[in-house]
Amino acid sequence: MVPQPVLALLLLFPVTKEVEAAKDAQEADAAKAGGRAPGPKGLYYMRQTIGNACGTIGLLHAVANARPDAQLGAHLKARVIVSLAGQAAMLAFF
């Protein structure tokens with residue numbers, strides 16, 4: 001049981017062939033949707049392009065979505081870029 005209240009929960013797991021196949025399918029769906037991540041409007045999502053950074057990207061997602069009024073969450077949401085690739089590239093200049 002997770003103590004309440006909970007704003008975010010991060011799960012880290014090893015990458016397998018099945019995980020890679022699911023990721024490829026999601027990326028194909030995103031490409032069909034014009035390069036945007038599927039999901040609710042207002043949901044902050046950044047594609048991970050930096051190797052071995054899954055925890056960092058997960059924390060950025062958690063902060064931006066759980067506390068959009070927080071300074072980092074507001075900063076990230078103010079810089080939403082149209083494409084997933086552009087959104088990931090933004091991290092290099094943050």
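Above this text you will find the structure in question.
Computed from a prediction, not measured in an experiment: that's the story for all the values here.

What counts and how
Residues numbered from 1 in each chain as written. Predicted model: local features only at pLDDT ≥ 70, side-chain atom pairs only at ≥ 80, totals over all residues. Heavy atoms only, no water. Helix = DSSP H or I, 4+ residues; strand = E, 2+ residues; numbered from the N terminus. Buried < 20%, exposed > 50% of the residue type's maximum accessible area, 1.4 Å probe, protein only. Contact = heavy atoms within 4.5 Å. Areas by Shrake-Rupley, 256 points an atom, 1.4 Å probe, with all protein chains shown as cover. Salt bridge = Lys/Arg side-chain N within 4 Å of Asp/Glu carboxyl O. Expected span 1.5 Å × (residues − 1). Patch = residues over 30% accessible without salt bridge, like charges linked within 9 Å, V, L, I, M, F, W, Y side chains within 5 Å.

Peer 1: How would you explain the overall build of the protein chain if you had to name every residue and give the values?
Peer 2: The helix and strand tally for the protein chain stands at four helices and zero strands. Each of the 94 residues in the protein chain was classed as buried or not, and the buried ones make up 20%. Long-range pairs, those at least 24 residues apart, make up 51% of the contacts in the protein chain with a sequence separation of at least 6. With an accessible surface of roughly 6900 Å², the protein chain has 63% of that area assigned to carbon and sulfur atoms.

Peer 1: Run through the pattern of salt bridges, naming residues and quoting values.
Peer 2: In this structure the tally under the stated criterion is two salt bridges. Across the salt bridge formed by Glu20 and Lys23, the nearest N and O atoms sit 3.5 Å from each other. Here Glu20 and its partner Lys23 are both found in helix H1 (residues 17-32), three residues apart, which amounts to about one turn of the helix. Ionic pairing is found between Asp24 and Lys23, a salt bridge with its closest N-O pair at 3.9 Å.

Peer 1: Break down H1 for me, citing the residues and quoting the values.
Peer 2: Relative to the 22 Å expected for 16 residues at 1.5 Å per residue, H1 spans 23 Å between its end C-alpha atoms, a close match to the ideal helical length. Residue Gly34 follows H1 closely and has a positive phi angle near 85°.

Peer 1: Describe in detail a nonpolar patch on the surface, supporting the description with residues and values.
Peer 2: Judged by side-chain polarity, Val2, Val6, Leu9, Leu11 and Phe13 come together as a nonpolar surface patch covering roughly 510 Å² of accessible area. In this fold, Val6 is placed in the segment before H1.

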